[in-house]
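Reading the structure
Letter by letter, the chains look like this.
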Amino acid sequence: MAAYVCPPAVIHGEHTVKTSQIAAEVRDRHPHAAWAPRIDSIAASTGIETRGWMLPLETAVAPGNGSGLRAVGIEPAQEALARDGFTQQDVDRVIAALETIPAPQTVQERTAPAWEAVQSYGERAARGALQAAGLDAADVDCLITSHSTTPALPGLDIALANKLPLRDDVMLLPATQWACVAGTRSLALAADLVAADPDRVVLVVIAEALSTTYQPADDTLESLIVRLLFADTAVAAVVTGRPRRESVLRLDASWHHTLPGTQDLHRLETRADGTHFVMDRRGPRAVQATVTAMWEWLRARYQDTPDLWHPDVLLAHPGGTRVLEYMEQTMPDAWPSGLLDYSRDSYTTGNRGGAAVFDILRRAYDAGKQKPGDRAVLYAAAPGLTATALEGEWL
């Protein structure tokens, strides 16, 4: 395999949103929700005090540009009231009252500014990754992109091809539905591409505005949890087929796994007011099954030295802290402690979806504690349920 990864660039959402702000907004909006008395304990259980968003909280909770009459129109409402025996004076009074009621944001109102932010953040991350690799946009032979929370056609690949700009013969590979597995799966794909042509330079860019799933009107417990978990981030990294002075990680092998019959456990749904992330309580246990399968892959890969081999760092995005705990509980007893420290550190400022593994890798790089020759395992799971892992060596 032998693919070489340069230091990733990570651009966090510049608008700090405190958990206390979210709790206050949700409490004021849904004071009679069944979970309202427990909101502080639920918020505290996430372990997240702040997260960065590309747009401020006020943007997510603002009303739409229209009124409550937007869906039916003024004339149909007037006609319906008149048919029910209202006088013209009463009709005018009711219509005036309805026009003062703000309507929720439409999908376009919610998504359009987020899409602009995703492109801007993605460009910044791409330029940062190229600089970290000591390369220019003209050196890029292939661009892999992912942005699951802001669907667009053309997508981030075309936007970056024009903004950077890239050569007109660059291979563009958009993967908008990878979601949380985008970090590991993009690296696995990049590794396959440079294995076919070691002189190829691959740029990976992932930009996720997960805050677009913040839906003010949704009063379900699952929606509350989504509000509390997600952060916005853009990341990028350069992958080459030959080692560079700037390379920090060599990828040696990849593994993919999909659980049949689990496609409904986590999903995005587009409704009239925007994108909703729907979670099933069975999700964490299903993700745990992919972790068990990954352990088996590593065991088989190192079956000749089972008592001697272990990763020195584990960069994992399994979707939540419950699965991180499960990973620690199911590791071989002989493995060192603290393998998931950087993963846990990343979660303290929110779930970054597909950008998470690059963020975790950057934290490990910045810490400066890994030594050349240390073995690294990267893992992520995503709605599907599907997972991808990579194994390699720190340089």
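Residues numbered from 1 in each chain as written. Predicted model: local features only at pLDDT ≥ 70, side-chain atom pairs only at ≥ 80, totals over all residues. Heavy atoms only, no water.

All chains considered together, the criterion is met by 25 salt bridges. Taking the shortest distance from any N to any O, the salt bridge between Arg301 and Glu391 comes out at 3.1 Å. Placement of the pair is Arg301 in helix H10 (residues 283-301) and Glu391 in strand E14 (residues 386-394), with a sequence separation of 90 residues. Residue class for Glu391 comes out buried when judged on its relative accessible area of 0%. A salt bridge links Asp366 to Arg362; the nearest nitrogen and oxygen atoms lie 3.0 Å apart. Of this pair, Asp366 and Arg362 both sit in helix H13 (residues 356-367), separated by four residues, roughly a single helical turn. Judged by relative accessible area, Arg362 falls into the partly exposed class, the value being 24%. One salt-bridge network, in which partners are shared between bridges, spans Arg250, Asp252, Arg301, Arg375, Glu391 and Glu393. (Salt bridge = Lys/Arg side-chain N within 4 Å of Asp/Glu carboxyl O. Helix = DSSP H or I, 4+ residues; strand = E, 2+ residues; numbered from the N terminus. Buried < 20%, exposed > 50% of the residue type's maximum accessible area, 1.4 Å probe, protein only.)

Within the secondary structure layout, Asp252 lies in strand E9 (residues 249-258). Reaching out from Asp252, the side chain makes a polar contact with the side chain of Arg250 at a distance of 2.6 Å. Reaching out from Asp252, the side chain makes a polar contact with the side chain of Arg375 at a distance of 3.0 Å. (Polar contact = N/O pair within 3.5 Å; in protein donor to acceptor, adjacent residues only side chain to side chain.)

Moving on, we come to the nonpolar core. Within the largest apolar cluster, 40 residues are counted, with the highest numbers of intra-cluster contacts made by Val5, Ile144, Leu187, Val202, Leu249 and Leu378. In terms of residue count, helix H8 (residues 182-196) provides more of this core than any other element does, seven residues in total. What Leu249 contacts, discounting residues up to four positions off in sequence, is Ala3, Tyr4, Val5, Leu361, Ala376, Leu378, Glu393, Trp394 and Leu395. Core analysis: the next-biggest nonpolar cluster, separate from the first, contains 32 residues, Val170, Leu203, Val205 and Ala236 among them. (Core = buried A, V, L, I, M, F, W, Y, C linked by side-chain atoms within 4.5 Å. Contact = heavy atoms within 4.5 Å.)

The subject of this paragraph is the UniProt feature "domain: Chalcone/stilbene synthase N-terminal" (unreviewed entry) in the protein. Following the UniProt record, one finds the feature "domain: Chalcone/stilbene synthase N-terminal" (unreviewed entry) at residues 105-242. Within residues 105-242, the helical portion is 43% and the strand portion 20%, while the C-alpha atoms at the span's ends are 49 Å from each other. (UniProt positions renumbered as here; feature names shortened; annotations may be inferred.)

Turning our attention to unusual backbone geometry. Note the cis peptide between Leu153 and Pro154, where omega equals 0 degrees. Unusually for a residue other than glycine, Ala179 sits at a positive phi of about 55 degrees. Looking at where Ala179 falls in the secondary structure, it is placed in the loop between strand E6 (171-174) and H8.

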